[in-house]
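# Observations on chain architecture
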Amino acid sequence: MEKLRIERKGLYEIEVNDKGETIVFDTRDIELPYRANEAFKRIQSIVEKSRAKIQLIEKEQAKEDGFLTSKETKMLELTQKTFQQMREAMDGFLGNGACQKIFGDTNYAEMFDDLQEALQPHFEKMGILNQNLEEKIADKYGDGGEDTLE
C-alpha cells in the first residue's frame, strides 16, 4: 500500500501547565485569526447574556434553601453554566480540553481575561494579530491584478 504524508510545518506549541501538557497552533491555518476572534466574541456574548440573567435573579425574592438561599443557588447554577459555555468557546479555538489543561477544575472571574493577556505575546510571535490575511492569500494564489477574495 502506498502512503501519502504531508509534513506539518508552522506548528507553534505552548506548554500550559506543570505537567508538561501543551496546546498546539498551526500558524499556516488561514482560519486561525478568525477562530481566535470568534472565541473571544462568543465569550463576550456569553458574559453579556449572563449579566442580563443575573439582573433578573437579583430582583427575585430570596427564600431559604438549606445552607444557601434560593437566589444564591440560582446564581451559582448560572455561574457554573456560564463558565462551562466559556470553556467550550475557548476549547473551540485552543483545542478540546485545553481549558482543563490550563485552569484545571478552577473557575474564577478574570480567568479568560488572564488567558487573553497570557496568549497575547504568543499571538504576536505567531503573527496572527497583525497579518493581513486577504493580502497573504492574494500574494500566494492571486494573479496579482485582481481582488481574488470577492
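Reading the values: rules and limits
Residues numbered from 1 in each chain as written. Predicted model: local features only at pLDDT ≥ 70, side-chain atom pairs only at ≥ 80, totals over all residues. Heavy atoms only, no water. Helix = DSSP H or I, 4+ residues; strand = E, 2+ residues; numbered from the N terminus. Buried < 20%, exposed > 50% of the residue type's maximum accessible area, 1.4 Å probe, protein only. Contact = heavy atoms within 4.5 Å. Patch = residues over 30% accessible without salt bridge, like charges linked within 9 Å, V, L, I, M, F, W, Y side chains within 5 Å. Areas by Shrake-Rupley, 256 points an atom, 1.4 Å probe, with all protein chains shown as cover. Salt bridge = Lys/Arg side-chain N within 4 Å of Asp/Glu carboxyl O. Lys, Arg positive; Asp, Glu negative; His and termini not counted. Charge placed at Lys NZ, Arg CZ, Asp CG, Glu CD. 1 Å grid on protein atoms, 1.4 Å probe; cavity = no way out; pocket = protein on both sides within 12 Å on 5 of 7 lines; lining within 4 Å. Points joined across faces, edges and corners; volume = space filled by probe spheres on them. Nonpolar A, V, L, I, M, F, W, Y, C, P; charged D, E, K, R; others polar. Phe/Tyr/Trp six-rings, centres within 6.5 Å; stacked < 30°, edge-to-face > 60°.

### Side note on the overall build of the chain
If you tally the helices and strands in the chain, you get five helices and four strands. Going from the N terminus to the C terminus, the chain shows its helices and strands as β-β-α-β-β-α-α-α-α. For the chain, with 150 residues in total, the buried portion stands at 27%. When contacts within the chain are restricted to residue pairs at least 6 apart in sequence, long-range pairs at least 24 apart make up 47% of them.

### As for a negative patch on the surface
Together, E64, D65, E72 and E77 make up a negatively charged patch on the protein surface. Contributing elements (two or more residues each) for the negative patch: β3 (64-65) and α2 (70-94). Looking at the secondary structure, you find E72 in helix α2.

### Some thoughts on the layout of surface pockets
Estimated volume of the largest pocket: approximately 370 Å³. Around the largest pocket sit 16 residues that line it, and I43, V47, R51, M86 and A109 are the ones nearest its centre. Residue assignment for the lining of the largest pocket shows that the elements contributing at least two residues are α1 (32-59), α2 and α4 (111-126). Here the lining of the largest pocket gets seven residues from one element, more than from any other, and that element is α1. Its residues assigned to classes, the lining of the largest pocket comprises eight nonpolar, five polar and three charged.

### Here we look at the packing of aromatic side chains
Under the defined criterion, the tally for this structure stands at four aromatic pairs. Relative to F123, the ring of F93 lies with its centre 5.9 Å away and its plane at 65°, an arrangement referred to as edge-to-face. Placement of F93 in helix α2 and of F123 in helix α4 is noted, with a sequence separation of 30 residues between them. Considered together, F93 and F123 belong to a single accessibility category, that of buried residues. Summarising the aromatic geometry, the rings of F103 and F112 are spaced 5.9 Å apart at their centres and angled 65° between planes, so their arrangement reads as edge-to-face. Aromatic rings pair up to connect F25, F93 and F123 into one cluster.

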